[in-house]
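For reference, the chains in residue letters:
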Amino acid sequence: MKNFVFQNPTKLVFGKGEIARLPELLPENVNLMLTFGGGSVKRNCVYDQVKEALKGRNYIEFWGIEPNPHVETLRKAIQLGKENKIDYLLAVGGGSVLDGTKLIAAGIASEKEAWDIVLEGYAPEQIAFASVMTVPATGSEMNGAAVISRDETKEKYGFFGDYPRFSILDPEVTYSLSEHQIACGLADAFTHVMEQYMTTTGQSRIMDRWAEGVLSSIIEIAPKIKENPHDYDLMADYMLAATLALNDFIRMGITQDWATHNIGHELTALHGTTHGHSLAIVLPGLLRVLKPQKQAKLVQYGERIFGITTGTDEERANKAIALTEAFYRSLGLTTRLSEEGIGEETIEIIAKRFNERGAAYGENQNVTGEVTREILESCLPPYTLS
Ligand code: NZQ
Ligand code: ZN
C-alpha cells in the first residue's frame, strides 16, 4: 500500500425529510446564493421543500446551470455572486449543478478567469458551498472534484478544490428520475469503482473488498430498481453506493486508472453523450485493449463479482469483460459507438486531441492518443453476446 493522507470533511445528512434540516446546517449571517439547473426541482417539489426550510432567510437564486455545466453560464453566476457579495452557495440539483457551483465558488473567491481555473486543474480558494443532491451518480456531493465544459470549443475538463460543507441526500428525491437517468447514474457509480479498483492485485485487501462490496451492491440492486424505482430502501442503497463510489474511501493507498473518464468526457464534449452512458461504451473497450496488464485483477473481479471459477486466466478475463458489458446493457444502455452513430471521424479527433496534449492516462500512464484510438476502434463493431 502506498502512503496516503485521508480527509473528507463533508457532513453527510441522509434520509427522508432531511431537507428540513437546512436552517440548522446553514450558518447564520451569510450572504447566500442558491444555484439550480433547468427546473426539475420545481417539478418534483424539492424547490418547495428548500423554500419552506429557508423561510425567513435572505438569499438570491441563480437558475439555468445545464447538464455538463458550461463555463459560459457559470461566468454569469460568478458575476452575480460578486455583485451581491455572496459568501455561501447552496447547490440544489444533480452533479452538474454542484460541479458548476464549485466553479462559481472558485470564481467568486478570486480574480482569475473561470476557464483558467479549470485549466489549472486546482482551485486554491473557494467560498463555502453545500448541496441538496438530487441525482445519485457523480459522488460530487462528497468529493472535491468538478467537471466543466466549454461549449464554444467543445472541451470538457475536471478540476479539484474544496469539498461541500454538507450534502443532504434524501432518496425520495430520486423518484422523479427517468429510467435512462437511473441507468446512467448506476453506470457512472459502477465505473467510478472500476476506475479505482481495476488495476493490479495485491495492493490492499481492504480497498479491494470495499470496492467489490459496492460493485456487488450495484449489480444486485440494478434489476430491482428497474422493477420498482420508488422503493425507498433500494433507492437509499443506490444513493449511498454512488456517494461511496467516489468520496475517497475506496482509494486509500492504491493506484487508479481514470482513462475511461478522460475518453468518455471527449464523447460528451463532441456528441453530448450522457456522462454515465459514455463510460458504458468506453470501459469494456478499455478492458479489451488493456487486458494483458489488468488480467490478474480481471480474474479476481470475475471470480468475486460474477462467480467465474473455470477456464484459463485469459478465458476468465474475457468472460469478466463480457459480463461487464452485459451489465451495462442490462441497464438499458448501448455499449458500442456504432449504436450511437459515432464513427472513425470522432476517433480521429480524440486521438489527435490526446496526442496534442501528450495524454498518458491510466495507472501505467500508457493510455496515449494511439492507445485511445485502439480502445475506441474496439467499440465500433456491433455488439454480439460472447
Ligand atoms: O437541470 P435540471 O432541470 O435540474 O434537470 C436535471 C438534468 O437535466 C435532471 N435532474 C436532476 N435531478 C433530478 C432530475 N430529473 C428528475 N428528477 C431529479 N431528481 O437530470 C439531468 C441531468 O443532471 P446532471 O446533474 O447533469 O446529472 P449527473 O448528476 O449525472 O451529473 C453529470 C455531470 O457530473 C460530472 C459529469 O461529467 C457531468 O458533467 N461528473 C462529476 C464528477 C465529480 N464531481 O466528481 C465525477 C463524475 O465522473 C462526472 O464526471
Ligand atoms: Zn463519472
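That block above? That's the structure.
A few points about the packing of helix α11 (residues 275–289) against helix α13 (residues 313–330)
Turning to step 1, where the next piece is worked out: Close contact between α11 and α13 brings their axes to 10 Å; oriented N to C, the two are set at 175 degrees. One finds that α11 runs roughly antiparallel with respect to α13. Of the residues in α13, those touching α11 at Leu 279, Ala 280, Leu 283, Pro 284, Leu 287 and Arg 288 are Ile 321, Thr 324, Glu 325 and Tyr 328.

Focus: the coordination of the zinc ion (ligand 2)
Turning to step 1, where the next piece is worked out: Bound to the zinc ion (ligand 2) are the protein donor atoms Asp 188 (OD), His 192 (NE2), His 261 (NE2) and His 275 (NE2), situated 2.0 to 2.1 Å from the metal.
Turning to step 2, where the next piece is worked out: Each donor residue of the zinc ion (ligand 2) belongs to the same chain, with the gaps between them written as D-x3-H-x68-H-x13-H. Highlighted residues: Asp 188 in helix α7 (residues 179–197) and His 275 in helix α11, separated in sequence by 87 residues. Each member of the pair Asp 188 and His 275 is classed as buried.

A word on a nonpolar patch on the surface
Turning to step 1, where the next piece is worked out: Together, Met 1, Phe 4, Phe 6, Ile 206 and Trp 210 give the surface a local cluster of nonpolar side chains, amounting to about 510 Å² of exposed area.
Turning to step 2, where the next piece is worked out: Topologically, Trp 210 is positioned in helix α8 (residues 205–227).

Observations concerning the site of ligand 1
Turning to step 1, where the next piece is worked out: Contacts to ligand 1 come from 32 residues, most closely from Ser 40, Gly 95, Ser 96, Lys 156 and His 192.
Turning to step 2, where the next piece is worked out: Interatomic distance of 3.1 Å between a side-chain N/O atom of Asn 68 and an oxygen atom of ligand 1.
Turning to step 3, where the next piece is worked out: Interatomic distance of 2.5 Å between a side-chain N/O atom of Ser 96 and an oxygen atom of ligand 1.
Turning to step 4, where the next piece is worked out: For ligand 1, the protein covers 87% of the area, taking 960 Å² as the surface of the free molecule.

What counts and what doesn't
Residues numbered from 1 in each chain as written. Chains lettered and ligands numbered in written order. Predicted model: local features only at pLDDT ≥ 70, side-chain atom pairs only at ≥ 80, totals over all residues. Heavy atoms only, no water. Axes fitted to C-alpha atoms, helices over the stretch in contact; angles between N-to-C directions. Helix = DSSP H or I, 4+ residues; strand = E, 2+ residues; numbered from the N terminus. Parallel < 35°, antiparallel > 145°, perpendicular 65-115°, else oblique. Contact = heavy atoms within 4.5 Å. Donors = N, O, S within 2.8 Å, 3.2 Å for Na, K, Ca; no water. Buried < 20%, exposed > 50% of the residue type's maximum accessible area, 1.4 Å probe, protein only. Patch = residues over 30% accessible without salt bridge, like charges linked within 9 Å, V, L, I, M, F, W, Y side chains within 5 Å. Areas by Shrake-Rupley, 256 points an atom, 1.4 Å probe, with all protein chains shown as cover. Salt bridge = Lys/Arg side-chain N within 4 Å of Asp/Glu carboxyl O. Near = heavy atom within 4 Å. Polar contact = N/O pair within 3.5 Å; in protein donor to acceptor, adjacent residues only side chain to side chain.

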